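Below are the chains, spelled out letter by letter.
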Amino acid sequence: MAEKEAAMEEALIRQLTQDVSQWVYRPDIHTEEELWANFRAKLDANNMAVLDGAKLTDVEFGRVQQFVLDQAQTPYRAALWLAGENGEAVIPLEREDASLGSVHLMAVSSREIAGARSSYEVINQFIANKSDAEDRKRRFDVTLLINGIPMIQIELKNQDHPYMDAFRQIKKYSIEDKYCGLFGMVQMYVVTNGSDTRYIAAAQGEKLNETFLTPWVNAKNEPVEHYLDFAREVLRIPMAHQMVGQYAVLDAERRKVILLRPYQVHAIEAVKAASAQGQSGFVWHTTGSGKTLTSYTVAKNLLLIPGIDKTIFLIDRRDLDQQTSLSFKAYAENDIIDVDDTANAGELVKKLYSNDRIVIVTTIQKMEIVRKRYTNEAKKDSPKAKKLRSLRLAFVVDECHRTVTPETQRDLKKFFAKSLWYGFTGTPIFEENKRARKGDLARTTEGLFGPCLHNYTIKEALANHAVLGFQIEYKDSLSHDQIFDIGAQLHVGTTDELASKDFIVAEEKVLGAYYKVKSEDIYDTDEHRLGVINYIVNKAAGKFRLQAASKGDAYEAILTVPSIPTAQKYYRLIKDFVKEGHVSDKIKAKAVDFPRVAITYTVTENDEGSIESQQAMKESLRDYNAMFGTNFHIDDLSAYNANLNDRLARKKGQYKLRKEQLDLVIVVDRLLTGFDAPPCALLFVDRPPMAPQNLIQAFSRTNRIYDKSKRFGMIVIFQRAAEYRKAVDDALLLYSNGGTSDVSAPPFAVIEKAFKEALAELRKIAAEPQKVDTLGDIELKKKFAKAFQKVDKLRGEIQVYDEFEEKDLSDYGISENELNDYTGKYQNVLEELRHKTETEDIDVDVEYELETVTSVTIDYRYIVALIQKYVPDDDVLVAPPVEDQRIDEHIEALSRTNPQLAGVIGNFWSDMKAQPAKYRGQDAMTVIETQIESIIKTRIEDFAREWSTKVNDIIAILHTYHDGDTVTMSMDYDDYKKNHEGISKLKYKRRAKEAVVDLIKKIRPLREK
């Protein structure tokens, strides 16, 4: 029998307050007034000296409250204040007695953890204030207070419920604006059903993304799931305070709080412990698991070690226009980190020479300039040189094998004799793949930095949902038989002799012989490249998720090739492929502007082929500028590359729009390491196999967590299939710490079987869509909803496989139209279940977002482009009526997902068919857009009249509203009363807000194109 939630609460509080714990249970705090009173008492106690022994007056505490409420408007803003200056959050206060001047009150400090002026209290069943009289009463289960401020909120469900129910409850409370007042300070949520526990950084309403719910693991990467075990590991003192104080990072660019994952915390602790003992070492965290964030926090926390003067975060100068420096700037904007990306090594010397204990981010090249400057004969014995040599520095090196060579490190260690070195890598160099011998220089990561202080492999990251696995497919343009035939022609052996060998051996011999005779790679032909292009453009729609392109939710891809000339050939061939009309109608129907392509590579000045490379880059820059309205030139490629990186990463709002996105970027080596773009789901490989570490680095561009539909990083390899299979298996085995089965996606047959079984289960509950209406029992409706969600998830998964591209839903005994009808019935059932959740627990994910319902959405621009073909030219005098059943079918398909937009297009098309001459010489897109804006304008004006509000307010809400946002608009109750009787002012305001949200949801689809 499941433990009751009340009993779980008691057990949790007992765990938090027993033994030597410093949490104190406060059963007397349940209301906002009691919470403020407790906070006031903490302020008085902690600031006795500042207040000269007197307590805050009521007027003064009123000023304190207003200041705190201003900071508590969002979790991010609260975090900015809590971070304070050097980890101390203070409240500026003008004293009521003006002669006493102003003071700064210490509220909470992350420098005083588990001692001094820090207090730790537990409260439960806190009653949130109601927004209005009709609001529902909400209670919070367990809350942890630090210095009287709510910092960690824990929501409990028993084992009869999934932990996601607790998460959804927190999200609902947030949307209802229950986390307000002092509770606006909460930085961390914990959700549990007793058996499974997760934590997540606080965010507002709809910005709370379940993707970032994180399980805890201990230092050995063993899961800690039970809620009491989690409390022992994470919610004890000092750990809980460290989580929201030292292990919370503020991302200024995205304005969000980031809580480190457990393996990041353990790595930081391991480095701190090693540094305290004067030991160097390296951290092996798999690519995609947030190494830059980990190394950033390590660099910051190393300053807590008294024996370290400064921390130096080293990057390669190539990364200055890439993400490492940009990420550091975003994290460091409100921190004690000095991001030094100036070109002047003299500035670096000043920072090194100063007495400030800071973190300096600089390049390895600049550090080398400083070393050489103070080892030459003229300066080596100068006071400055001696001071620099004596510094106790901790070097933190992100992407350590790309940043520092063994020779450079040896020179720097010799100069900075008291330095410690900490390397971070996702792909260490082991004995199995060690560097070539070069004197007595280090050949492995351990040889370069010292022992591995903490590891977190692909396998462990997958188990903890920190990264995605890989789906790897081989599309070699040469079959086995073709290889054997070529081998026979080149007298490598007869076809039978070659067939009797291990195919890897046969492939290697034949391709080697071909190169020897022809002096060129067998795959280096336009015929091969055009085959690759045709696959990427016309056969990978499911992988790109092109059905979501119009909403800006399609995935993007990298194509990596062996050389710059090959990259340029691919770029020109793709342009010609599109220009010559080889993009299929099926693809255009999903995304009329697919593919949007760019290219990036390093342009040199004096190497062989430099002139050709520069000319080709100028051409691609012109295309890029025309596509996006930019103005990049060959003499400022760093700006172009930075813009390209941002566009691919889509972390800035403007790049979430389809018109600002790329589908494919062609590279040689650039972007294959140290580049984080979560929407990148695809890597196309047309080059010989790379070294194991480079292979995993390249593959890992695709396995960042992004959204629910992205389940794997997808890799498609176009040459040397046998050699690649072995190289991939060896690399995955090496970097997954034993075994690759958990790293790779299941084969198509497994997913297909699951999809068929899910469809059969759906049919068993409701044999056809109409039967859903006869499901009178609520339990049957719940079963139907779950079964349909399972079908939807599996369809989203199966459609990325190539085998599915050749199939149709009819192959599985169901049509597209029938599945759409099931979708409609499902939406009705889900709406009923949502209402049920207000009064009872419903074990169904009512917030589940369908993944494949948009797969029937026809691209709006494609339909309009088809219609445009029938618009008569200016000089056409007589235009007979037109007909095109294909356009009718596309509009009908669009009406299932966006009936409002389909209605406008349908009306225009009907009129066009009957009177084409009426639209002679006109642009169909302009006509339709004008009609849409007219409809929107009329509806807004009608609404403003009906509800006595202002048009400009509604327009502002239309542009900015997100689900869960609080609506603000002017409302004239006295004017409204003139035409509406019997409604209170409170109900009027509530209904007007509900009505405007409903209006927005109805007219926004007209702009969702």
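None of these values were measured; they are calculated from a predicted model. (Residues numbered from 1 in each chain as written. Predicted model: local features only at pLDDT ≥ 70, side-chain atom pairs only at ≥ 80, totals over all residues. Heavy atoms only, no water.)

### Some details on the overall build of the protein
So, point 1. Counting secondary structure elements, the protein contains 39 helices and 25 strands.
So, point 2. For the protein, whose C-alpha radius of gyration is 32 Å, the value lies close to the compact-globule estimate of 30 Å for 1009 residues.
So, point 3. Counting only contacts in the protein whose residues sit at least 6 apart along the sequence, the fraction spanning at least 24 positions is 72%.
So, point 4. Carbon and sulfur atoms provide 48% of the accessible area of the protein, an area that totals close to 43,800 Å².
So, point 5. Charged side chains of the protein number 139 positive and 156 negative; the gap between the two group centres comes to 3 Å. (Helix = DSSP H or I, 4+ residues; strand = E, 2+ residues; numbered from the N terminus. Rg over C-alpha atoms; globule rule 2.2 N^0.38 Å. Contact = heavy atoms within 4.5 Å. Areas by Shrake-Rupley, 256 points an atom, 1.4 Å probe, with all protein chains shown as cover. Lys, Arg positive; Asp, Glu negative; His and termini not counted. Charge placed at Lys NZ, Arg CZ, Asp CG, Glu CD.)

### Observations concerning the side chain of Asn38
So, point 1. Along the polypeptide, Asn38 turns up in helix 2 (residues 32–46).
So, point 2. Side-chain polar atoms of Asn38 contact the side chain of Arg26, separated by 2.8 Å.
So, point 3. For Asn38, the contacting residues outside a window of four places in its chain are Arg26, Ile29, Glu121, Leu145 and Gly148. (Polar contact = N/O pair within 3.5 Å; in protein donor to acceptor, adjacent residues only side chain to side chain.)

### Concerning the sheet that holds strand 8 (residues 197–201)
So, point 1. Taken together, the 6 strands give an open sheet; going across it, the order is 1-4-5-6-7-8, and neighbouring strands pair in mixed fashion. Strands at the two margins of the open sheet, each flanked by one partner only, are strand 1 (23–25) and strand 8. Strand-to-strand twist of the sheet, defined as the mean angle between neighbouring strand axes without regard to direction, takes the value 30°.
So, point 2. Across the sheet, helix 1 (residues 5–17) touches strand 1, strand 4 (120–128), strand 5 (138–146) and strand 6 (149–156), and the angle it forms with strand 4 is around 155°. (Pairing = 2+ DSSP bridges. Axes fitted to C-alpha atoms, helices over the stretch in contact; angles between N-to-C directions.)

### Looking at the pairing of strand 11 (residues 248–251)
So, point 1. Of the two faces of strand 11, the one lined by Ala248 and Leu250 and the one lined by Val249 and Asp251 are each fully buried.
So, point 2. Taking the residues between adjacent antiparallel strands as the criterion, strand 11 and strand 12 (residues 256–259) are bridged by 4 residues, where Arg255 takes a positive phi near 50°. (Buried < 20%, exposed > 50% of the residue type's maximum accessible area, 1.4 Å probe, protein only.)

### Quick notes on the sheet that holds strand 21 (residues 556–560)
So, point 1. As summarised here, the arrangement of the 6 strands in space is 20-25-24-21-23-22, forming an open sheet in which the pairing is parallel. The open sheet has two free edges, formed respectively by strand 20 (469–474) and strand 22 (597–599), since each of these has just one partner strand. Going across the sheet, the axis of each strand differs from the next one's by a mean of 20°, ignoring polarity.
So, point 2. Pairing geometry for strand 24 (residues 680–685) and strand 25 (residues 712–717), over 4 bridges, is parallel. Residue pairing in the sheet places Leu683 in a bridge with Ile715 of strand 25.
So, point 3. Docked against the sheet, helix 23 (residues 564–579) engages strand 21, strand 22 and strand 23 (664–667), running at close to 160° with respect to strand 22.

### Considerations on the environment of Leu877
So, point 1. With respect to the helices, strands and loops of the structure, Leu877 is situated in the loop between helix 33 (860–868) and helix 34 (885–897).
So, point 2. On the basis of relative accessibility, which here comes to 75%, the residue Leu877 falls in the exposed class.
So, point 3. When the C-alpha atoms of Leu877 and Arg920 are compared, they prove to be 8.9 Å apart, with 43 residues separating the residues in sequence.

### Points about the packing of aromatic side chains
So, point 1. If you walk through the whole model with that rule in mind, you get 43 aromatic pairs.
So, point 2. Here the aromatic rings of Trp36 and Phe61 are separated by 6.0 Å at their centres, their planes lie at 80°, and the arrangement is edge-to-face. Of this pair, Trp36 sits in helix 2 while Phe61 sits in helix 3 (residues 58–71); the two residues are 25 residues apart in sequence, bridging distant segments of the chain.
So, point 3. In this structure Phe61 comes out as buried when scored by relative accessible area, which is 6%.
So, point 4. Grouped by ring-pair contacts, the aromatic residues Phe126, Phe140, Tyr173, Tyr179, Phe183 and Tyr189 constitute a single cluster.
So, point 5. Across the ring face of Phe212, the terminal group of Lys256 is positioned such that the distance to the ring centre comes to 4.7 Å.
So, point 6. Over the ring of Tyr374 we find Lys379, and its NZ or CZ is 5.3 Å from the ring centre. (Phe/Tyr/Trp six-rings, centres within 6.5 Å; stacked < 30°, edge-to-face > 60°. Lys NZ or Arg CZ within 6 Å of the ring centre and 35° of its normal.)

### Quick notes on helix 5 (residues 163–175)
So, point 1. The end-to-end C-alpha separation of helix 5 is 19 Å, in line with the 18 Å expected for 13 residues at 1.5 Å each.
So, point 2. Summarising burial for helix 5: 11 of the 13 residues are buried, a large majority.
So, point 3. Considered for burial, the residues of helix 5 that qualify are Tyr163, Met164, Asp165, Ala166, Phe167, Arg168, Gln169, Ile170, Lys171, Tyr173 and Ser174.
So, point 4. As for helix 5, its buried residues are in contact with strand 5, strand 6, strand 7 (188–192) and strand 8.
So, point 5. Just downstream of helix 5 lies Asp177, where phi reads positive at about 65°. (Expected span 1.5 Å × (residues − 1).)

### So, the nonpolar core
The nonpolar side chains of a soluble globular protein tend to be buried, and buried together.
So, point 1. Counting 142 residues, the largest nonpolar core has Leu352, Phe684 and Phe784 as the members making the most contacts within it.
So, point 2. At 8 residues, helix 28 (residues 721–735) tops the list of elements feeding residues into this core.
So, point 3. Apart from the residues lying within four places of it in its own chain, the contact partners of Phe784 are Leu762, Ile765, Ala766, Val772, Leu775, Tyr822, Lys825, Tyr826 and Val829.
So, point 4. Counting residues in hydrophobic clusters, the runner-up holds 115 residues, among them Ala203, Val257, Ala267 and Val396. (Core = buried A, V, L, I, M, F, W, Y, C linked by side-chain atoms within 4.5 Å.)

### A word on the packing of helix 27 (residues 692–699) against helix 28
So, point 1. Taken N-terminus to C-terminus, the directions of helix 27 and helix 28 make an angle of 85°; their axes are 9 Å apart at the nearest point. Taken as axis vectors, helix 27 and helix 28 run roughly perpendicular relative to one another. Residues Pro692, Gln693, Leu695, Ile696 and Phe699 of helix 27 form the contact with helix 28, whose own contacting residues are Tyr724, Ala727, Val728, Ala731, Leu732, Leu734 and Tyr735. (Parallel < 35°, antiparallel > 145°, perpendicular 65-115°, else oblique.)

### Some remarks on the packing of helix 33 against helix 35 (residues 899–914)
So, point 1. Between helix 33 and helix 35, whose axes approach to 12 Å, the crossing angle comes to 5°. Considering the angle they form, helix 33 stands roughly parallel to helix 35. Contacts between helix 33 and helix 35 pair Tyr860, Ile863 and Ile867 from the former with Leu901, Ile905, Phe908, Trp909 and Met912 from the latter.

### Considering the pattern of salt bridges
Oppositely charged side chains can form a pair if their charged atoms are brought close together.
So, point 1. On inspection of all chains with the given rule, the structure shows 44 salt bridges.
So, point 2. For Arg720, the salt bridge goes to Asp521, with nearest N and O atoms at 2.7 Å. In this pair, Arg720 is assigned in the loop between strand 25 and helix 28 and Asp521 in the loop between helix 20 (503–518) and helix 21 (526–538), connecting sequence segments 199 residues apart.
So, point 3. Residue Lys651 is joined to Asp676 by a salt bridge in which the shortest nitrogen-to-oxygen separation is 2.9 Å. With a gap of 25 residues between them, Lys651 in the loop between helix 26 (637–649) and strand 23 and Asp676 in the loop between strand 23 and strand 24 connect regions that are remote in the sequence.
So, point 4. Classification of Lys651 as partly exposed rests on a relative accessible area of 22%.
So, point 5. On the accessibility criterion, Asp676 (22% relative accessible area) is partly exposed.
So, point 6. Within this structure, Arg26, Asp28, Lys42 and Glu121 form a network of salt bridges that share partners. (Salt bridge = Lys/Arg side-chain N within 4 Å of Asp/Glu carboxyl O.)

### Let's talk about helix 18 (residues 480–489)
Residues spaced three or four apart along an α-helix face the same direction, because each turn holds 3.6 residues.
So, point 1. For helix 18, every residue scored as buried is listed here: Ile483, Phe484, Ile486 and Gly487. The buried residues of helix 18 occupy one face: seen down the axis, they fall within an arc of 165°. Those residues of helix 18 that are exposed and aimed more than 90 degrees away from the buried face are Asp481 and Gln489.
So, point 2. Each element contacted by the buried residues of helix 18 is listed here: helix 19 (495–500) and helix 20.
So, point 3. Two residues or fewer past helix 18, His491 is found with a positive phi of approximately 65°. (Arc of directions from axis to C-beta.)

That's the geometry; what it means functionally is another story.
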